[in-house]
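Structural description and commentary
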Amino acid sequence: MISTSRFSAEYLLDCLDISSEHEALELADRIEASMYTWRQKACSNYPKSSWETVKEKMEGDKNVVLAERAEILLFSLKQRFPELAQTTLDTSKIQYNKDVGQAILESYSRVLEGLAYNIVGWIEDVLFVEKSMTNQQEC
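Residues numbered from 1 in each chain as written. Predicted model: local features only at pLDDT ≥ 70, side-chain atom pairs only at ≥ 80, totals over all residues. Heavy atoms only, no water.

This paragraph deals with helix α2 (residues 21-43). A rise of 1.5 Å per residue sets the reference length of α2, with its 23 residues, at 33 Å; its end C-alpha atoms lie 32 Å apart and thus fit the reference within 8%. Among all positions in α2, only Ala24, Leu27, Ala28, Ile31, Glu32, Met35, Ala42 and Cys43 are buried. (Helix = DSSP H or I, 4+ residues; strand = E, 2+ residues; numbered from the N terminus. Expected span 1.5 Å × (residues − 1). Buried < 20%, exposed > 50% of the residue type's maximum accessible area, 1.4 Å probe, protein only.)

Pasting the structure below:
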């Protein structure tokens, strides 16, 4: 499966002969777990890098290839079963607020950055006014 340059998720799903949504959900859970594991293995050489950065740096790495194929397979599976329930990984992210918490932190970060920029601007204005007042008094 790794050595072939062509990968058909549809063909693989046809060969698996998934007969129920329960089987599809179980397969989706396994695919997501595998995808997560392969991404972790690929990222282990680049501990502070994002997945996209690692993907670019290690294009031929088997873990990156497998993770990409798993992502394609999961997408095809979700298209084939549009009413598929949330996977275990999605449920745990929601339950433990992993993604929501990250989004809130990013929002606060942007707000604080904007406030810091405004404060620096106000300080520059105060310093400018003070300098102009000092120049007026000297004249």
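Turning to unusual backbone geometry, a few remarks are in order. Among all residues except glycine, the phi angle is most often negative; among peptide bonds, the trans geometry is most common. One non-glycine residue, Asp17, adopts positive backbone phi at about 50 degrees. By the element assignment, Asp17 lies in the loop between α1 (9-16) and α2. Under the relative-accessibility criterion, Asp17 is labelled exposed at 60%.

Along the chain, Glu32 turns up in helix α2. In this structure, Glu32 is buried with no salt-bridge partner, the nearest side chain bearing the opposite charge being Lys78 at 4.3 Å. Within the local environment of Glu32, its side chain forms a polar contact with the side chain of Thr87, the two groups lying 2.5 Å apart. Setting aside chain neighbours within four positions, we find Glu32 in contact with Leu74, Lys78, Thr87, Leu89 and Asp90. (Lys, Arg positive; Asp, Glu negative; His and termini not counted. Salt bridge = Lys/Arg side-chain N within 4 Å of Asp/Glu carboxyl O. Polar contact = N/O pair within 3.5 Å; in protein donor to acceptor, adjacent residues only side chain to side chain. Contact = heavy atoms within 4.5 Å.)

Here we come to the nonpolar core. Formed by 15 residues in total, the largest nonpolar core has its most connected members in Leu13, Ile18, Ala24, Leu27, Ile31, Leu77 and Phe81. Elements with a minimum of two residues in this core: α1, α2 and α4 (62-80). Setting aside chain neighbours within four positions, we find Leu13 in contact with Ile18, Leu27, Leu73, Ser76, Leu77 and Arg80. (Core = buried A, V, L, I, M, F, W, Y, C linked by side-chain atoms within 4.5 Å.)

With that settled, the discussion passes to a nonpolar patch on the surface. Residues Val111, Leu112, Leu115, Ile119, Trp122, Ile123 and Leu127 make up a contiguous nonpolar surface patch of roughly 710 Å² in combined accessible area. Along the polypeptide, Trp122 turns up in helix α6 (residues 98-138). (Patch = residues over 30% accessible without salt bridge, like charges linked within 9 Å, V, L, I, M, F, W, Y side chains within 5 Å. Areas by Shrake-Rupley, 256 points an atom, 1.4 Å probe, with all protein chains shown as cover.)

A word on the pattern of salt bridges. Counted by the stated rule, this structure contains four salt bridges. Between Arg80 and Asp14 there is a salt bridge whose closest N-O contact spans 2.9 Å. One end of the pair, Arg80, is in helix α4; the other, Asp14, is in helix α1, with 66 residues separating them in the sequence. Between Arg39 and Glu71 there is a salt bridge, with the nearest N and O atoms lying 3.0 Å from each other. Taken together, the residues Arg39 in helix α2 and Glu71 in helix α4 connect sequence positions 32 residues apart.

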